[in-house]
Amino acid sequence: MDREHIAARAKEYTERETDPAFKAEVEELLKKEDWKELEDRFYRDLEFGTGGLRGVIGGGYNRMNSFVVTRATQGLADYLKATFPGKSLSACIAFDSRRYSARFAEATALVFAANGIKAYLFSALRPTPELSFAVRKLGADTGVVVTASHNPPKYNGYKAYWNDGSQVTPPHDVGIIERVNKVSSVKLMDRAEALKKGLLVIIDKEIDDAYVAMVKSKLLRPELIKEMAKSVKLVYTPLHGTGALNFERVMRELGLEVTTVPEQREPDGEFPTVSYPNPEEAAALKMALDLGAKVKADCVMATDPDADRLGIAVPDKEGKFVLITGNQLGCLHLDYLLLTRKELGKMPGRPAAIRSIVTTTLQTAIAEKYGAESRECLTGFKWIADVMRQFEREGLDFVYGTEESYGHLIENEVRDKDGISAAALTAEMTLYWRSKGKSLLD
């Protein structure tokens, strides 16, 4: 792409961008004639793919910024109105701790409002699984969460959800992409006007309370928790993300002792204490493991910035912490869920579990041991949610879904991986095996 074309696209962008910071970035690059950087920002548009958007934050068509986010939302709004003509539509929007997440989330809500779609916007950052829960709880037609999961600080993203709380799958993903690519102008409503007209509704405690109650209701041995809660110590890190609010509340209400890594408790999109905020990486858990050794914790837990993934470590006989892989934790979860349901006489009529194609086949062996069905699907939790829809049509009873990349789901009320409910189950499971004289590692 020649410089003349790049310059024309850059100038066009500065006329369309409503955020002065992103606009100024590009104007400065034009002034300095930084053609290498300009080409990287304008040689293509940041693609709205089947999972939404993800890219480096900054001004330009090939970056995450207010213009790119509002254009994507306009396309999503256009698709919704074409798919559900005449319906009174609504959307839920959540965001994580990354830079510009709150701004992008509000801009998303105001585009929906301008298109006559009621926007339920969380008042502050919330985990991705709570967004999925809110879509189902409020009967919304779509949902958006502004997050780049565990990517480095320079990234942000935009994930679109359908009316059952799962990330969009065919044919809706392709349909939305087509609409986004056709957007020529974006409708945007003033915040005060949107609030006055009831097209922007701020949500928080009412959804938090319902979500926490749901997570606690999925635990199978409440009496055991009451009896043994004080015998187990947990160390937790949200890795500067969204997890602390719900994690600490759930564990506190269960009576469990939790020590949160103080340096990593507060939300911070720069993730200053880790190079990569991913609980799959041992380096990201160093502070938590050091604290775990200091307080002699029975289990160290970590959620990623949007709290949909859970990683854990447990001490061996010498007290040295051992990281449990996603495959291992998934097998422990499924075995515990089925064992407990069998012991308590709560096994559903047609129990079934789901694993992604790259997840260990030991899951299948465990399911078969308890007379449960095990289904395999493509990589990505939206495909696990797709199989959950199949279960509903076939009359199968969903018990558990997992993928090896630290994604776990134990409830129907959420249709994406849920690090908070997975942590609560892990705590209960730790107590159960403690009552049998075993650790999770045993």
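What you see is a predicted model; the values in this text were computed from it and never measured. (Residues numbered from 1 in each chain as written. Predicted model: local features only at pLDDT ≥ 70, side-chain atom pairs only at ≥ 80, totals over all residues. Heavy atoms only, no water.)

1. Concerning the side chain of Thr-340
In step 1: Note on placement: Thr-340 falls in helix 14 (residues 326–344).
In step 2: Among the polar contacts listed, one links the side chain of Thr-340 to the backbone oxygen of Tyr-336, at a separation of 2.8 Å.
In step 3: Discounting chain neighbours no more than four positions away, the residues touching Thr-340 are Leu-220 and Arg-221. (Helix = DSSP H or I, 4+ residues; strand = E, 2+ residues; numbered from the N terminus. Polar contact = N/O pair within 3.5 Å; in protein donor to acceptor, adjacent residues only side chain to side chain. Contact = heavy atoms within 4.5 Å.)

2. Notes on the nonpolar core
In step 1: By size, the foremost hydrophobic cluster in this structure holds 78 residues, and its most contacted members are Tyr-211, Leu-234, Met-251, Leu-256, Met-301, Ile-312 and Ile-354.
In step 2: In terms of residues, this core owes the most to one element, helix 17 (residues 419–435), which gives 10 residues.
In step 3: Each residue touching Leu-234, except ones within four places of it in the same chain, is listed here: Met-251, Leu-256, Glu-257, Val-258, Thr-259, Cys-299, Met-301 and Ala-427.
In step 4: Ranked by size, the runner-up nonpolar core spans 51 residues in total, among them Ala-77, Ile-177, Leu-199 and Leu-200. (Core = buried A, V, L, I, M, F, W, Y, C linked by side-chain atoms within 4.5 Å. Buried < 20%, exposed > 50% of the residue type's maximum accessible area, 1.4 Å probe, protein only.)

3. Describing the packing of aromatic side chains
Aromatic ring pairs are defined here through the distance separating the ring centres and the angle between the ring planes.
In step 1: Under the definition given, this model contains 15 aromatic pairs.
In step 2: Measuring from centroid to centroid gives 5.7 Å for Phe-133 and Tyr-211, while their planes differ by 70°, and the two rings are edge-to-face. Here Phe-133, found in helix 6 (residues 128–138), pairs with Tyr-211, found in helix 9 (residues 205–217); they are 78 residues apart in sequence, far enough to count as distant.
In step 3: With a relative accessible area of 6%, Phe-133 lands in the buried category.
In step 4: Judged by centre distance (3.6 Å) and plane angle (5°), the ring pair of Tyr-236 and Phe-247 falls under stacked. Of the two residues, Tyr-236 sits in strand 7 (residues 233–237) while Phe-247 sits in helix 11 (residues 244–254), which places them 11 residues apart along the sequence.
In step 5: Judged by its relative accessible area of 0%, Tyr-236 falls in the buried class. (Phe/Tyr/Trp six-rings, centres within 6.5 Å; stacked < 30°, edge-to-face > 60°.)

4. Thoughts on helix 6
In step 1: Burial within helix 6 is extensive, with 8 of its 11 residues counted as buried.
In step 2: All of the buried residues along helix 6 are Thr-128, Pro-129, Glu-130, Leu-131, Ser-132, Phe-133, Ala-134 and Val-135.
In step 3: Downstream of helix 6 by a residue or two, Gly-139 has a phi angle that is positive, lying close to 65°.

5. Looking at the pattern of salt bridges
In step 1: For the structure on display, the rule yields 38 salt bridges.
In step 2: A salt bridge links Arg-71 to Asp-45; its shortest N-O distance comes to 3.5 Å. Pair noted here: Arg-71 is in helix 4 (residues 66–83) and Asp-45 is in the loop between helix 3 (35–42) and strand 1 (53–56), with a separation of 26 residues, a long-range link.
In step 3: With a relative accessible area of 33%, Asp-45 lands in the partly exposed category.
In step 4: Residues participating in the shared-partner salt-bridge network are Glu-25, Glu-37, Asp-40, Arg-41 and Arg-63. (Salt bridge = Lys/Arg side-chain N within 4 Å of Asp/Glu carboxyl O.)

6. Topic: the pairing of strand 10 (residues 310–315)
In step 1: Of all 6 residues in strand 10, 5 are buried; the element is thus mostly enclosed.
In step 2: As paired elements, strand 9 (residues 299–303) and strand 10 share 4 bridges and run antiparallel to each other. By the bridge assignment for strand 10, Thr-303 is matched with Leu-310.
In step 3: The antiparallel pairing of strand 9 with strand 10 creates a hairpin that spans 6 residues between the two strands, and Ala-307 there sits at a positive phi of about 60°.
In step 4: Sheet topology note: the strand 10/strand 11 (residues 321–324) ladder contains 4 bridges and is antiparallel. Note on strand 11: the bridge partner recorded for Val-314 is Val-322.
In step 5: Two successive antiparallel strands, strand 10 and strand 11, enclose a turn made up of 5 residues, where Gly-319 displays a positive phi of approximately 90°. (Pairing = 2+ DSSP bridges.)

Limitation: the analysis is restricted to geometry and does not speak to function.
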